[in-house]
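Listed below are the residues making up each chain.
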Amino acid sequence: DSLEEAIAVMEDEVEQVAKPEARISIYRKIATNYAEKLQELGAAEVVLRKILEVVPDDTEALDYLATLGARDERYDKQIQALETKLSHAKDLEGKKAVLYHIARVWEDQIGDNDETINVYRRILELDPRDRASLEQMERIFRSDEMWNDLVETLAKLVELATDLDELVRFQL
């Protein structure tokens, strides 16, 4: 196939490219062709990892690795890419956004509420006043009938409540 031949030529020649930005651009094209045109997700992953060798915090490559993991139903790979992205996140909101994504994978794709709760606790370690994490934990604790944890979480939400309507909502 001519596309496979073109990719092979690109892979042979990419190492000769002096500028890292240009080399990364070529790697992105190769990875996209592997994943989208040839449906070779493993080959795309190998190429994306080459980008990360040059730029370890390349969020585009990390996001694509996470997407490939999800597409291939390899949620361990998806979470691994997201954890790497988290380690390079610069600010609190960026870290929380990645952690929320990880929590969704654990809950929606894997179905592991214990791990989901652990991720929300990690968010609370970064930001003890994160109401969204507490509310998600409240929902899980209610559905899983984890009453002691629910009471603790509701107490924290009451502490953070800013008006009477919120206080009424958190009553047992």
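See the structure above.
Thresholds applied
- Residues numbered from 1 in each chain as written.
- Predicted model: local features only at pLDDT ≥ 70, side-chain atom pairs only at ≥ 80, totals over all residues.
- Heavy atoms only, no water.
- Helix = DSSP H or I, 4+ residues; strand = E, 2+ residues; numbered from the N terminus.
- Rg over C-alpha atoms; globule rule 2.2 N^0.38 Å.
- Contact = heavy atoms within 4.5 Å.
- Areas by Shrake-Rupley, 256 points an atom, 1.4 Å probe, with all protein chains shown as cover.
- Lys, Arg positive; Asp, Glu negative; His and termini not counted.
- Charge placed at Lys NZ, Arg CZ, Asp CG, Glu CD.
- Core = buried A, V, L, I, M, F, W, Y, C linked by side-chain atoms within 4.5 Å.
- Buried < 20%, exposed > 50% of the residue type's maximum accessible area, 1.4 Å probe, protein only.
- Axes fitted to C-alpha atoms, helices over the stretch in contact; angles between N-to-C directions.
- Parallel < 35°, antiparallel > 145°, perpendicular 65-115°, else oblique.
- Left-handed = near helix turned anticlockwise from the far one by under 90°.
- Nonpolar A, V, L, I, M, F, W, Y, C, P; charged D, E, K, R; others polar.

### Here we look at the overall build of the protein chain
Link 1 in the chain: Looking only at helices and strands, one finds 10 helices and 0 strands in the protein chain.
Link 2 in the chain: When the helices and strands of the protein chain are listed from N to C terminus, the series reads α-α-α-α-α-α-α-α-α-α.
Link 3 in the chain: In terms of overall size, the protein chain is more extended than a compact globule, its C-alpha atoms giving a radius of gyration of 21 Å where 172 residues would be expected to give roughly 16 Å.
Link 4 in the chain: Expressed along its principal axes, the backbone C-alpha trace of the protein chain runs to roughly 65 × 30 × 20 Å.
Link 5 in the chain: Considering only residue pairs separated by 6 or more positions, the protein chain has 40% of its internal contacts joining residues 24 or more positions apart.
Link 6 in the chain: Surface accessibility of the protein chain: about 10,000 Å² in total, with carbon and sulfur atoms responsible for 49%.
Link 7 in the chain: Between the mean site of the 23 positive side-chain charges and the mean site of the 40 negative ones, the protein chain shows a separation of 4 Å.

### Re the nonpolar core
Generally speaking, soluble globular proteins have nonpolar side chains that are buried together.
Link 1 in the chain: Among the nonpolar cores identified, the biggest contains 46 residues, and Y34, L48, L68, I102 and Y120 are the most heavily contacted of them.
Link 2 in the chain: The leading source of residues in this core is helix α6 (residues 92-110), at 7 residues.
Link 3 in the chain: What L68 contacts, discounting residues up to four positions off in sequence, is A35, L41, A44, E45 and L48.

### Side note on the packing of helix α1 (residues 2-14) against helix α2 (residues 20-37)
Link 1 in the chain: Where α1 contacts α2, the two axes come as close as 10 Å, and the packing angle between them is 155°. With respect to α2, the element α1 is oriented roughly antiparallel. The handedness of the crossing between α1 and α2 comes out as left-handed. Across the interface between the two elements, L3, I7, M10, E11 and V14 of α1 pack against R23, I26, Y27, K29, I30, N33, Y34 and K37 of α2.
Link 2 in the chain: Considered class by class, the residues forming the contact of α1 with α2 number 8 nonpolar, 1 polar and 4 charged.

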